[in-house]
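# Tertiary structure, described
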Amino acid sequence: MEKVLDKKSFPQWVKKLSSYTVYAPVQEDEVWNYEVITNPEQVNLDFPNTVLSPKKIIFPQREVYLEFSASNEDGLEVKEVLPEEEPSVIFGVRPCDARALTLTDKVFGGDFEDIYYWKRRNQVALVGLACHTPPSPNCFCLSVDGSPFSKEGLDVLMSDLGSKYFVEAFSKKGEQLINPAKTLFKPPTEKDKKELDKNRTEAKKRISRQIQNIKKIPPKLKGMFDSSLWDEESMSCLRCGICTYLCPTCHCFDINDEIFSSSPLSGKRIRTWDNCQFPDFTMHSSGHNPRQGKASRLRQRIMHKFQYFVERYKNYQCTGCGRCISRCPVGIDIIEVLDKVSSYEG
Amino acid sequence: MVNLEDLKKEAKTVLEEGKVKYIIGYEKSANGLMPVPGFIKSPEEVEKLIWTPACVYNLTKFLVDEKRRKSREKKPDERPVGLVVKGCDSRALVVLLQEKFINRDDVFIIGVSCEETGVIDEKKLIKKLKGKKAEKIEFDEKDNFIVTTQEGKVKIAASEVLAERCLECKANSPVIYDVLLGEKAKRSVDNPFQSLEKIESLPERERWKFWKEQLSKCIRCYACRSVCPMCYCDECVADTINFAVTADTTAEEKAQKIKWLEKSPVKSENFVYHLVRAIHLAGRCIDCGECERVCPLDIPIRFLNKKLEKDAKELFDYEAGFDPEQPSLVSSFKDEDPEDFIR
Ligand code: SF4
Ligand code: SF4
Ligand code: SF4
């Protein structure tokens, strides 16, 4: 389905979606993040890269699995907790972040479906916003099979045409978003289509950062497990969790029982994001840690994204959003690291 | 003004003479304005060193890594590490020396003076440039910086883009060094705790609301801890491995170890984390501002540490990071110390 929507009518469209929980980028101080919107006029699609991707809505940092208590004589009472199923829609999803969800889909899908993930994923419609100009100076989607107009993973893609949006729906979920507001949308003219094509080509030219020889990297990495490159490149790493926590594709988690009362016993079993850059990520209960230093953790981050994941799922586990580069406190730059992998001899 | 060529010359000399193992300084990054920490191992590499108003990082943190690395080596190279420090960074070094975390001969200190200026707050600069991308920034006398964008050079008043901590700096030039570049100087600061005034003037309820909102945003990436030179503990209560496991530790003992805080990034746990951190930094934080700079959620963590710094000053007349010989705040007492909180 292809339509155009006057920018002025956009809040009205959002208003029509009252049966959905609506998320959109919201600015607080200098930080943009996806939050629930109560006032449709509040939706502002002129935003740079958000700190966290929409991953935080579908795979939240904290998820309750079950509640337990030993309040009666019969022993432990266990109650399963599942996410509420309510239809929601996220506006302003960047193409790279939508592609990232297609990757977490693989991880949380397949032979073992993660019910928590899918309960939310199935209910959420993703309305993308094409990137005419890259929202971050470190965008490199083109290097990892993406593009600023990619529709992968999206239900709807909106592209800016000045006074209006070109709106494409690719799925039933997407069409269902447009249907209640049908009268607001018009069919696109030939001129609109031409302009869209032009924008698409030009947007690509504005992406300035790229990985050299990306195709060569996965096989090259295979032989680099013991390389000294990891020591060199991780010298300035601080061991914080920014790169992985902000990454739209990272999906590791931890499960802990959080005890609220020890007598009578009660508590919750909770899953939280985990982070391969933290020293305790690989800590064995014996006290042995197979990934001791930070070099082995940087290696893990790169290997997982550009070797193990490629081998298993035929995709890079990176969609080029640039967050890890922009936010690294010491300027570790995944593009530079990969370029060094390409040219590494030894 | 620090002359970069002088800095390179000093660095080259000590490397050539084999006086240091390597030098930790600032290097140009391949992409953009901000430098990266540089580890200079040979005299040839000295050319990579830079000194600009974007040299914000407190590099003393890397001494913690160096110490850990050294402790694992069988035959460690005993020579000192060369370290480039600004005034604030040098105060962090003083605390590390005072606490005997490092020895004076572990480090060859190359001091660079900010003279009467300081370093930038990148976020302020980005805002100021309204979308134009800064490619380069240089010092220009004491009151201005010169910023190069694609559209040419612009002069910006330093006061508009200086980091908050620089506006309240207590030591623009290093307090300890082996060589000093630039002049010993000091920009006058009327009130070093000025930034606290606004939040201190709020009623308690409002302050509580402020911190509840701010700390609820925290995702516990621990960047604030990771970047802090004072956060050097091998085991941190914030980690899930905060106890020593030996071959004899039973499963039961492991299960019963106290967990000080849960991994859930919820208000209660975030408060525990931040309050533990703040208290552990009382009388130790030297206000390099790194914790606040690195926070991806822009949480104003510096206020917490600044407030404790102010308390230490007002209640105990104590200032961290000036004298490596002074007894530390929490391990010493004086007869005149206030005790009205003991009831
Ligand atoms: S706080 Fe002081 S010493 Fe540190 S960078 Fe700013 S002006 Fe320089
Ligand atoms: S850097 Fe910010 S988000 Fe990360 S742990 Fe510290 S306060 Fe929380
Ligand atoms: S608490 Fe923050 S300002 Fe204080 S020394 Fe640590 S990083 Fe620097």
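Because the structure is predicted, anything quoted here is derived from the model rather than measured. (Residues numbered from 1 in each chain as written. Chains lettered and ligands numbered in written order. Predicted model: local features only at pLDDT ≥ 70, side-chain atom pairs only at ≥ 80, totals over all residues. Heavy atoms only, no water.)

## Notes on the overall build of chain B
Applied cut-off: Helix numbering and strand numbering both begin at the N terminus, where a helix is a DSSP run of H or I of at least 4 residues and a strand a DSSP run of E of at least 2. Burial classes follow relative accessibility: with a 1.4 Å probe on protein chains only, a residue under 20% of its type's maximum area counts as buried, one over 50% as exposed, and anything between as partly exposed. Working rule for contacts: check all heavy atoms of both residues, and any pair within 4.5 Å makes them a contact. A 1.4 Å probe and the Shrake-Rupley method give the accessible areas. Residues count as covered only by the protein chains that appear here.
A count of helices and strands for chain B gives 13 helices and 8 strands. Counting only C-alpha atoms, chain B reaches 60 × 55 × 45 Å along its principal axes. Within chain B, the fraction of its 343 residues that count as buried is 53%. Residue pairs in contact within chain B that sit at least 24 positions apart in sequence constitute 67% of those at least 6 positions apart. Accessible surface, chain B: about 16900 Å² in total, of which carbon and sulfur atoms supply 52%.

## Focus: the nonpolar core
Most often, soluble globular proteins have nonpolar side chains that are buried together. Inclusion rule: Side-chain atoms within 4.5 Å are what join buried Ala, Val, Leu, Ile, Met, Phe, Trp, Tyr and Cys residues into a set we call a nonpolar core.
Core analysis: the biggest nonpolar cluster contains 190 residues, and Phe10, Trp13, Phe91, Met158, Trp230 and Phe306 of chain A together with Leu125 of chain B have the highest contact counts within it. Dropping the residues within four chain positions of it, Phe91 of chain A is found in contact with Phe10, Trp13, Val14, Leu17, Val22, Tyr23, Ala24, Pro25, Tyr34, Val127 and Met158 of chain A.

## Focus: the site of ligand 2
As a reminder of what qualifies: In this text, near means that some heavy atom of the residue lies within 4 Å of the molecule or strand in question. Amino acids outside the nonpolar list (Ala, Val, Leu, Ile, Met, Phe, Trp, Tyr, Cys, Pro) and the charged list (Asp, Glu, Lys, Arg) are all regarded as polar, and Gly is one of them.
Around ligand 2, the neighbouring residues are Cys218, Ile219, Arg220, Cys221, Tyr222, Ala223, Cys224, His274, Cys295, Pro296, Ile299 and Ile301 of chain B. For the shell around ligand 2, the class distribution of residues is 10 nonpolar, 1 polar and 1 charged.

## Section: the site of ligand 3
Every residue close to ligand 3 is listed here: Cys228, Arg277, Leu281, Cys285, Ile286, Asp287, Cys288, Gly289, Glu290, Cys291 and Asn305 of chain B. Partitioning the shell around ligand 3 into residue classes produces 6 nonpolar, 2 polar and 3 charged.

## So, the sheet that holds strand β4 (residues 62–72) of chain A
Residues and elements named next belong to chain A. The condition that has to hold: Two strands pair if DSSP finds at least two bridges between them. Every angle, taken between N-to-C directions, lies between 0 and 180 degrees, and every axis is a line fitted to C-alpha atoms, over only the stretch in contact when it is a helix.
One open sheet holds the 4 strands; their spatial order is β5-β4-β12-β11, and the pairing between them is antiparallel. Each end of this open sheet is capped by a strand with a single partner; those strands are β5 (75–80) and β11 (253–262). Here the strands of the sheet are splayed against their neighbours by 20° on average, with no regard to which way each runs. Note: β11 against strand β12 (residues 265–273), 9 bridges, orientation antiparallel. Paired with Ser262 across the strands is Leu265, a residue of β12.

## Things to note about helix α11 (residues 267–280) of chain B
Residue and element names in this part refer to chain B. Quick reminder of the rule: To estimate how far a helix should reach, multiply one less than its number of residues by 1.5 Å.
Here α11 is 14 residues long and its end C-alpha atoms lie 20 Å apart, about the 20 Å a rise of 1.5 Å per residue gives. Residues of α11 that are buried include every one of Glu269, Asn270, Phe271, Tyr273, His274, Arg277 and Ala278, and no others. Buried-residue contacts for α11 involve α8 (204–216), α9 (223–227), α12 (290–294) and α13 (302–316).

## Points about the side chain of Asp239 of chain B
Structurally, Asp239 of chain B can be placed in the loop between α9 and α10 (251–256). A relative accessible area of 10% means that Asp239 of chain B is categorised as buried. With sequence-adjacent residues up to four places away left out, Asp239 of chain B is seen in contact with Asp280 of chain A together with Tyr222 and Arg225 of chain B.

## With respect to the pairing of strand β9 (residues 164–169) of chain A
All names here are of chain A. Among the 6 residues of β9, 5 are classified as buried, and the element is accordingly described as predominantly covered. Of the strand pairs in this sheet, strand β1 (residues 2–6) and β9 are connected by 5 bridges, and their pairing is antiparallel. Residue pairing in the sheet places Val4 in a bridge with Phe166 of β9. Where strand β8 (residues 156–160) lies against β9, 5 bridges are found, and the strand directions are antiparallel. Of the residues in β9, the one forming a bridge with Val156 is Ala169. Count of turn residues in the β8/β9 antiparallel hairpin: 3 residues, of which Gly162 carries a positive phi of about 85°.

## A closer look at the domain arrangement of chain A
Residue and element names in this part refer to chain A. Using the following cut-off: Annotation comment: domain bounds sourced from an automatic or database domain assignment. By buried area we mean the combined loss of accessible area, with a 1.4 Å probe, across both parts when two parts are placed together.
By domain assignment, chain A separates into domain 1 (2–60 + 81–205) and domain 2 (214–252 + 275–342). Here domain 1 and domain 2 have C-alpha centroids that lie 28 Å from each other. Taken together, the 24 residues of domain 1 in the interface contact 28 residues of domain 2. In total, domain 1 and domain 2 occlude about 2200 Å² of area from one another, counting both sides; carbon and sulfur atoms represent 58% of this.

## Describing the packing of α11 of chain B against α13 of chain B
All names here are of chain B. Our working rule: Crossings are assigned a handedness: left-handed for a near helix turned anticlockwise from the far helix by less than a right angle, right-handed for a clockwise turn.
Packing of α11 against α13 leaves a shortest axis separation of 9 Å and a crossing angle of 35°. Considering how the two elements wind past one another, α11 and α13 form a crossing that is right-handed. Packed against α11, whose contacting residues are His274, Arg277, Ala278 and Ile279, the element α13 presents Leu304, Asn305 and Leu308 at the interface. Class assignment of the residues belonging to the contact of α11 with α13 gives a composition of 4 nonpolar, 2 polar and 1 charged.

## Thoughts on the interface of chain B and chain A
Inclusion rule: For this analysis, a salt bridge means a side-chain nitrogen from Lys or Arg found within 4 Å of a carboxyl oxygen belonging to Asp or Glu.
Contact residues are listed per partner, giving 39 residues for chain B and 45 residues for chain A. Taken together, both faces of the contact between chain B and chain A bury some 3500 Å²; the carbon and sulfur share is 56%. Counting every contact that joins chain B to chain A gives 7 salt bridges. Across the pair Lys217 of chain B and Asp29 of chain A runs a salt bridge, and its minimum N-O distance is 3.7 Å. Ranked by residue count, the leading element in the side of chain B that touches chain A is helix α2 (residues 62–72) of chain B, at 5 residues.

## Topic: the domain arrangement of chain B
Residue and element names in this part refer to chain B. Worth spelling out the cut-off: Here a polar contact means two N or O atoms within 3.5 Å. Within protein one must be a hydrogen donor candidate and the other an acceptor candidate, and residues neighboring in sequence count only if both atoms are side-chain atoms.
Entries for chain B in the domain assignment read domain 1 (1–118 + 172–189) and domain 2 (191–343). Each of domain 1 and domain 2 has a C-alpha centre, and these two points are 26 Å apart. Interface of domain 1 and domain 2: buried area, both sides summed, is about 1900 Å²; carbon and sulfur atoms make up 56% of it. Per-residue buried area on domain 1 facing domain 2 is highest for Lys61, Arg91 and Gln98; these three make up 33% of the total on that side. For the pair domain 1 and domain 2, the interface holds 2 salt bridges. Between Glu99 and Arg284 there is a salt bridge whose closest N-O contact spans 2.6 Å. Linking domain 1 to domain 2 there are 10 residue pairs in polar contact (both at pLDDT 80 or more). At the level of elements, α2 and α3 (87–98) are the ones that each hand at least two residues to the side of domain 1 that touches domain 2. Looking at the side of domain 1 that touches domain 2 element by element, the count peaks at 8 residues for α3.

## Quick look at the sheet that holds strand β8 (residues 179–181) of chain B
Residues and elements named next belong to chain B. Strands sit in the order β2-β1-β3-β4-β8 across an open sheet of 5 strands; the sheet is mixed. Of all the strands in the sheet, just β2 (36–40) and β8 have a single pairing partner and so form its edges. Strand after strand, the sheet turns through a mean of 30° between neighbouring axes, direction not considered. Pairing between strand β4 (residues 107–112) and β8: 3 bridges, direction parallel. Bridging from a neighbouring strand, Gly111 pairs with Leu180 of β8. Along the sheet, helix α1 (residues 4–16) makes contact with β1 (23–27), β2, β3 (81–85), β4 and β8, crossing β8 at roughly 160°. Each of β1, β3 and β4 is contacted by α3, which is oriented at about 135° to β3, the strand it contacts most.

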